[in-house]
Amino acid sequence: MTPSRALARVNLAAIERNCALLRSRIGDSTELCAVVKANGYGHGAVQTARAAQAGGAGWLAVAAAREAAELRAAGIGGPLLVLGALSGGELEVALDADADVVVWSAELAERASAGARARGIEVGVHLKLDVGMGRLGTRDPDELLAVGRRVLELPGLRLAGAMTHFPCADEDLALTRQQLAAFTAFGARLRELAPDLLLHAANSPAALGLAESRLDMVRCGIAIYGLDPWGRDPAEHGLEAALELRSHVAALKPIAPGQTVGYGATFTATEPGWIATLPIGYGDGFRRAFSNNGVALLGGRRRPLVGRVSMDNVCVDVGPDPGALRVGDPVVLIGAMGEERITAEELAALIGTINYEITTALSERVVWEYHVDGDPVDG
Ligand SMILES: *Cc1c(COP(=O)(O)O)cnc(C)c1O
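Just so we're clear, the structure is a prediction, and the values are computed from it rather than from any experiment. (Residues numbered from 1 in each chain as written. Predicted model: local features only at pLDDT ≥ 70, side-chain atom pairs only at ≥ 80, totals over all residues. Heavy atoms only, no water.)

1. A few points about the site of the ligand
Part 1 of the argument: The ligand sits among 13 residues. The nearest are Lys-37, Tyr-41, Ser-204, Ile-222 and Tyr-356.
Part 2 of the argument: Side-chain polar atom of Lys-37 to an oxygen atom of the ligand: 2.7 Å apart, as the coordinates give it.
Part 3 of the argument: For the ligand, an oxygen atom lies 2.9 Å from a polar atom in the backbone of Gly-221.
Part 4 of the argument: Contact with the protein chains covers 93% of the free accessible surface of the ligand, which is 390 Å².
Part 5 of the argument: Contributions of two or more residues to the shell around the ligand are made by helix 2 (37-41), helix 9 (204-209) and strand 9 (217-220).
Part 6 of the argument: Taken together, the residues of the shell around the ligand sort by class into seven nonpolar, four polar and two charged. (Near = heavy atom within 4 Å. Polar contact = N/O pair within 3.5 Å; in protein donor to acceptor, adjacent residues only side chain to side chain. Areas by Shrake-Rupley, 256 points an atom, 1.4 Å probe, with all protein chains shown as cover. Helix = DSSP H or I, 4+ residues; strand = E, 2+ residues; numbered from the N terminus. Nonpolar A, V, L, I, M, F, W, Y, C, P; charged D, E, K, R; others polar.)

What follows is the structure, given as structure tokens:
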């Protein structure tokens, strides 16, 4: 078997178990909405959505209308919410995908109503209150309540929910509680107009860390992939990372003192040693920031990356004695080899980012392989 240059293996059973775990934490009266935007945080939106539904997610959410269309084209049913702002054409795509949409102005409500009437459908609308994120939504609850009244009047619209999004649920629970109180006060007023609507606010850190924020539905992204919202060890919350990233040794050669590795010659050997070249680079979404600042598992050991990460290759210092290491041997960049493990959280910390960005960055050039606890499934 020819090893892939860069292989991402996703365990769909882990995603299913993470969802089932979240379901059991939040209880029966709260819905689980699995957030599969940005290609399922890099893991594959369609496969993730199916696994999340199998694990008990009753709702799915994406950021962009095209992402909703992609899920529907793959035959994925069930309630689906587009979280993001929608331009004219994007709104049409979202409505064609039978997705619910987020609204915070009368103008948006009117556009959604016109689109729904043109299609002879009813579209579910979720009003968005901005309690501190400062991006989408309306800050003034009175103004948003007036939008809610307009939604109730307009044909083709169903007031399905009200939502907010917390900016600091992973780091400031006192602030998040205040923001939650602002939202629930608004929600209580809105409920007088539409008793059946869903109130939802919690992302993964709120769903796991602030029980009272769960309301009628939680919108979990990072946690369903088994990644830790706080950037620590996902096992602390019983979560299981679904993704492994592997490559292999494409070349193995000695290096003498004074010889250099990579663009810019940023690494110069000071001792005689051996360099392994891995055929993965920033063209695969393996971030250039790992230049002289990364780690890989090969031959069962942790080894430093040396030189710059280039578009297609990166090099590893395997030390003075390569031992039994051979060209073609496996390399783990995220995941476990023997007793050693590299997590997306560890990589994120190395380059000053978050685990979200590590997996989302992985590109289509990577070979994606799906399995259920080791049994292959068709992608
Ligand atoms: C991405 C997103 C989420 C999910 O956040 P996680 O921290 O990944 O759980 C929830 N709600 C909104 C509005 C989002 O954009």
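2. Section: the UniProt feature "binding site: substrate" (unreviewed entry) in the chain
Part 1 of the argument: Those places that UniProt annotates as "binding site: substrate" (unreviewed entry) correspond, in this numbering, to Arg-135 and Met-311. Taken along the chain, the residues just named run across 177 residues; in space they spread out, the farthest C-alpha pair reaching 33.5 Å.
Part 2 of the argument: Mapped onto the fold, Arg-135 is located in the loop between strand 6 (123-128) and helix 7 (141-153).
Part 3 of the argument: Beyond its immediate chain neighbours, meaning those up to four positions away, Arg-135 contacts Asp-130 and His-165.
Part 4 of the argument: If you trace the backbone, Met-311 turns up in the loop between strand 16 (301-306) and strand 17 (314-319). (UniProt positions renumbered as here; feature names shortened; annotations may be inferred. Contact = heavy atoms within 4.5 Å.)

3. Quick word on the packing of helix 7 against helix 8 (residues 173-193)
Part 1 of the argument: In the contact formed by helix 7 and helix 8, the axes pass within 10 Å of each other and the chain directions differ by 20°. Our classification of the angle between helix 7 and helix 8 gives roughly parallel. The element helix 7 and its partner helix 8 pack so that their crossing is right-handed. On helix 8, the residues touching Pro-141, Asp-142, Leu-144, Leu-145, Gly-148, Arg-149 and Leu-152 of helix 7 are Phe-186, Arg-189, Leu-190 and Leu-193.
Part 2 of the argument: Counted by class, the contact of helix 7 with helix 8 contains seven nonpolar, one polar and three charged residues. (Axes fitted to C-alpha atoms, helices over the stretch in contact; angles between N-to-C directions. Parallel < 35°, antiparallel > 145°, perpendicular 65-115°, else oblique. Left-handed = near helix turned anticlockwise from the far one by under 90°.)

4. Observations regarding the sheet that holds strand 3 (residues 59-62)
Sheet strands pair via backbone hydrogen bonds, and the direction of the pair is either parallel or antiparallel.
Part 1 of the argument: Pairing in this closed barrel of eight strands is parallel, and the strands run 2-3-4-5-6-7-8-9 around the ring. Pairwise comparison of adjacent strand axes, ignoring direction, gives a mean angle of 30° for this sheet.
Part 2 of the argument: Bridging between strand 8 (residues 198-202) and strand 9 involves two bridges; their strand directions are parallel. Residue pairing across strands places Ala-202 opposite Val-218, the latter belonging to strand 9. (Pairing = 2+ DSSP bridges.)

5. Comments concerning the environment of Ala-344
Part 1 of the argument: Looking at the secondary structure, you find Ala-344 in helix 10 (residues 344-350).
Part 2 of the argument: Overall, Ala-344 belongs to the buried group, its relative accessible area being 3%.
Part 3 of the argument: On a C-alpha basis, the gap between Ala-344 and Leu-157 in space is 41 Å, while along the polypeptide they are 187 residues apart.
Part 4 of the argument: Setting aside residues up to four positions removed in sequence, Ala-344 forms contacts with Leu-227, Ile-334, Asn-355, Ile-358 and Thr-359. (Buried < 20%, exposed > 50% of the residue type's maximum accessible area, 1.4 Å probe, protein only.)

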